[in-house]
Amino acid sequence: MRFMVDLYLVKQYGRSVHNVFEVERDPMVRRAHRITYKHFIVGLPYYDVGNFAERRTLIPRTHAVLLTRNLYSTLASAYCHVRYRSHEFEGTPSEFLRDPRRGALKIIAFYNLWLSLRDECRSTTVVSYERLKADTRGTLLGILEAFGITPVDGGLLTSTVQESTLEQMKAL
């Protein structure tokens, strides 16, 4: 999602595609669109799912987009990440599932926190990873609109979707 939104902004503002994420620091883009990304951090305990709850003063001005994913897929992906990529966890999948710093309780606490803050945001859009994959163009359009970005060029939206494949992201 982040790559697609940033790639769309790169194209809209005529910036270099060399490092798509640099658009987030571009002064002209930041003035027009204040978008901040927060991630679910695997290593924190389930009761400490991030500090955005402590920043309640920002929440009423926020147009929030939450990208969700099937719980089983999220757990499998998180396990593979900490076990085989970052090597932060040596246990079995069953131990990971029960680990309060990484497992199911952590993910449930994260979603519960979002649920508790949902009505405090200016607007909240929930997008599932599965919906993003099934209807990438339509979902990207909804995400852009949730951020207050009105696409004026359908071709730009289409080319962004076409260039947002995993292979394209790896190439950059």
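Residues numbered from 1 in each chain as written. Predicted model: local features only at pLDDT ≥ 70, side-chain atom pairs only at ≥ 80, totals over all residues. Heavy atoms only, no water.

1. Observations concerning the overall build of the chain
Now for step 1: Of regular secondary structure, the chain possesses nine helices and two strands.
Now for step 2: Helices and strands in the chain line up, N terminus first, as α-α-β-α-α-α-β-α-α-α-α.
Now for step 3: Counting every position in the chain, which comprises 172 residues, the buried fraction comes to 35%.
Now for step 4: Long-range pairs, those at least 24 residues apart, make up 64% of the contacts in the chain between residues at least 6 apart in sequence. (Helix = DSSP H or I, 4+ residues; strand = E, 2+ residues; numbered from the N terminus. Buried < 20%, exposed > 50% of the residue type's maximum accessible area, 1.4 Å probe, protein only. Contact = heavy atoms within 4.5 Å.)

2. Quick look at the nonpolar core
Now for step 1: Within the largest apolar cluster, 23 residues are counted, with the highest numbers of intra-cluster contacts made by Val5, Leu9, Ile143, Leu144, Phe147 and Ile149.
Now for step 2: Counting residues per element, the ones that place at least two in this core are helix H1 (2-12), helix H7 (136-146) and helix H8 (154-162).
Now for step 3: No other element matches the seven residues that H1 contributes to this core. (Core = buried A, V, L, I, M, F, W, Y, C linked by side-chain atoms within 4.5 Å.)

3. Looking at the pattern of salt bridges
Now for step 1: Enumeration over the complete set of coordinates arrives at four salt bridges.
Now for step 2: Where Asp99 meets Arg102, a salt bridge forms, and the shortest distance between an N and an O atom there is 3.4 Å.
Now for step 3: In this structure Asp99 comes out as buried when scored by relative accessible area, which is 14%. (Salt bridge = Lys/Arg side-chain N within 4 Å of Asp/Glu carboxyl O.)

4. Here we look at unusual backbone geometry
Now for step 1: Not every positive phi belongs to a glycine, and His87 is a case in point at roughly 55 degrees.
Now for step 2: Mapped onto the secondary structure, His87 falls in the loop between helix H3 (71-85) and helix H4 (93-98).

5. A look at the packing of H1 against H7
Now for step 1: Two numbers describe how H1 lies on H7: the axes approach to 11 Å, and their chain directions differ by 75 degrees. Taken as axis vectors, H1 and H7 run roughly perpendicular relative to one another. Residue-level contacts link Met4, Val5 and Tyr8 of H1 to Thr136, Leu140, Ile143 and Leu144 of H7.
Now for step 2: For the contact of H1 with H7, the class distribution of residues is six nonpolar, one polar and no charged. (Axes fitted to C-alpha atoms, helices over the stretch in contact; angles between N-to-C directions. Parallel < 35°, antiparallel > 145°, perpendicular 65-115°, else oblique. Nonpolar A, V, L, I, M, F, W, Y, C, P; charged D, E, K, R; others polar.)

6. What about the confidence of the model for the chain?
Now for step 1: Of all residues in the chain, 83% have pLDDT values of 70 or greater, and the mean over the chain is 80.
Now for step 2: Per-element mean pLDDT across the chain ranges from 74 in helix H2 (residues 27-32) up to 95 in H4.
Now for step 3: Within the model, pLDDT remains below 50 along residues 43-49, and this stretch shows 19 contacts once partners closer than five positions in the same chain are excluded. (pLDDT = per-residue confidence, 0-100.)

7. A short note on the side chain of Thr68
Now for step 1: Examined against the element boundaries, Thr68 turns out to sit in strand S1 (residues 63-68).
Now for step 2: Discounting chain neighbours no more than four positions away, the residues touching Thr68 are Tyr111, Val126, Val127, Ser128, Tyr129 and Glu130.

8. What to know about H3
Now for step 1: With 15 residues, H3 extends 20 Å from end C-alpha to end C-alpha; this agrees with the ideal 21 Å at 1.5 Å per step.
Now for step 2: Looking at H3, one finds that the buried residues are Thr74, Leu75, Ala78, Tyr79 and Val82. Along the long axis of H3, the arc covered by the buried residues comes to 125 degrees, so they all point the same way. Facing away from the buried side of H3 by over 90 degrees, the exposed positions are Tyr72, Tyr84 and Arg85.
Now for step 3: Buried residues along H3 sit in contact with H4 and helix H5 (104-117).
Now for step 4: Capping the start of H3, Asn70 holds a side-chain oxygen 2.8 Å from the backbone nitrogen of Tyr72, two or three residues further along.
Now for step 5: Backbone geometry just downstream of H3 places His87 in the positive-phi region, at approximately 55 degrees. (Expected span 1.5 Å × (residues − 1). Arc of directions from axis to C-beta. Polar contact = N/O pair within 3.5 Å; in protein donor to acceptor, adjacent residues only side chain to side chain.)

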